[in-house]
Amino acid sequence: MTQIPSAAVPADAGTRPAIEPIGILVAPHPVLRRKTRLVGPDDRAMLRDVLPRMFEAMYQAPGIGLAAPQVGIDLRFCIVDLHENDVREPIVLINPEIVAESEQLAAREEGCLSLPGQYAEVVRPEGVTVRFEDETGAAREIKADGLLATCFQHEIDHLDGILFVDHLSALKRNMIMRRLAKEMKAKG
Ligand SMILES: [Zn+2]
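Quick caveat: nothing in here was measured; it's all calculated off a predicted structure.

A short note on the UniProt feature "active site" (unreviewed entry) in the protein chain
The feature "active site" (unreviewed entry), as given by UniProt, occupies E155 in the numbering adopted here. You can see E155 is positioned in helix α2 (residues 146–159). E155 has contacts with M1, G65, A67, C78 and V80, leaving out every residue within four places of it along the chain.

The structure is reproduced here in structure tokens:
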């Protein structure tokens, strides 16, 4: 997920060790529409290898969330880091599920690294509780509201092949998809 772009530059920009960022797929790539399969014990080694490259791609973009299908991986995991006030708080969510959501809804402007430059207001539950495993395999649960809740829902949607534009009217969704296609074509 992305937010409205700002001019902020990470405090440690340019001083990090070089990690090759993984490439991010752009809609309407078919992989973005596939439901992922659960991460199993045999997938852990691959995750250890790919997670640093996913974080690197997300920080460089910059974004605040990135899901496995966006980098062409058919597995149920995603990463999130709001890095508010330039403080990094990376969260790895493996096999996440939303186990509770608030009745109260909130509208928030969303963007997506797979729909670069496109933003729209999306209505979702204001708060959610997410159950997942962390990168060590430990079971965890986080109760989130505000931007973190929006980000969790946006990323978990990706694991089910859902994009934020699917929460909009068909008219608005088609408008955004056409604009994206046009802009990507112009970029070459
Ligand atoms: Zn996204």
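A short note on the UniProt feature "binding site: Fe cation" (unreviewed entry) in the protein chain
This chain's UniProt record puts "binding site: Fe cation" (unreviewed entry) on C112, H154 and H158. For the annotated residues, spread through 47 residues, the largest C-alpha to C-alpha distance comes to 10.2 Å, consistent with a single compact locus. Structurally, the position occupied by C112 is in strand β4 (residues 105–112). Aside from chain neighbours lying at most four places away, what touches C112 is M1, T2, L163 and F164. The exposure class assigned to H154 is buried, which follows from the 26 C-beta atoms found within 10 Å. Not counting residues up to four positions away in its chain, the partners in contact with H154 are M1, G65, E110 and F164.

Quick look at the environment of L47
Mapped onto the elements, L47 comes out in helix α1 (residues 44–60). When the 17 C-beta atoms within 10 Å are taken as the criterion, L47 is described as partly exposed. Each C-alpha atom, one on L47 and one on M175, is 36 Å from the other, the two residues being 128 residues apart in sequence. Other than its neighbours up to four places away in sequence, L47 contacts V39, F77 and E135.

Section: the sheet that holds strand β1 (residues 65–67)
In spatial order, the strands read β1-β2-β3-β6-β7; together these five strands make up an open sheet with antiparallel pairing. Each edge of the open sheet is held by one strand with a lone partner, namely β1 and β7 (139–145). For this sheet the average axis-to-axis angle between neighbouring strands, irrespective of direction, equals 40°. Across four bridges, the pairing between strand β2 (residues 77–80) and strand β3 (residues 91–101) is antiparallel. Following the sheet pairing, I79 is matched in β3 by V92. Running at roughly 40° to β2, α1 makes contact with β1, β2 and β3 of the sheet. On top of the sheet, α2 reaches β1, β2, β3, β6 (127–133) and β7; it is set at about 155° to β2, its chief contact.

Let's talk about the environment of D160
Along the chain, the position of D160 falls in the loop between α2 and α3 (170–187). A tally of 14 C-beta atoms within 10 Å means that D160 is categorised as partly exposed. Spatially, the C-alpha atoms of D160 and A27 are 15 Å apart, while their sequence positions differ by 133 residues.

Some thoughts on the pairing of β7
Looking along a regular strand, one sees side chains alternate from face to face of the sheet. The pairing of β6 with β7 spans seven bridges and is antiparallel. If you follow V128 over to β7, its bridge partner there is A144. With antiparallel pairing between neighbouring strands as the criterion, β6 and β7 make up a hairpin whose turn holds five residues, including G137 at a positive phi of roughly 95°.

As for the nonpolar core
Counting residues in hydrophobic clusters, the biggest one holds 40 residues, and the most contacted among them are L66, F77, C78, I79, V80, L93 and F152. Listing elements by their share of this core, those giving two or more residues are α1, β1, β2, β3, β6, α2 and α3. The greatest single-element share of this core, amounting to six residues, is contributed by α2. Those residues in contact with V80 that lie beyond four places of it in its chain are I64, G65, I91, L93, C151, F152 and E155.

Rules of the game
- Residues numbered from 1 in each chain as written.
- Predicted model: local features only at pLDDT ≥ 70, side-chain atom pairs only at ≥ 80, totals over all residues.
- UniProt positions renumbered as here; feature names shortened; annotations may be inferred.
- Helix = DSSP H or I, 4+ residues; strand = E, 2+ residues; numbered from the N terminus.
- Contact = placed C-beta atoms within 7 Å.
- Buried ≥ 20, exposed ≤ 12 C-beta atoms within 10 Å, placed from the backbone.
- Pairing = 2+ DSSP bridges.
- Axes fitted to C-alpha atoms, helices over the stretch in contact; angles between N-to-C directions.
- Core = buried A, V, L, I, M, F, W, Y, C linked by C-beta atoms within 7 Å.

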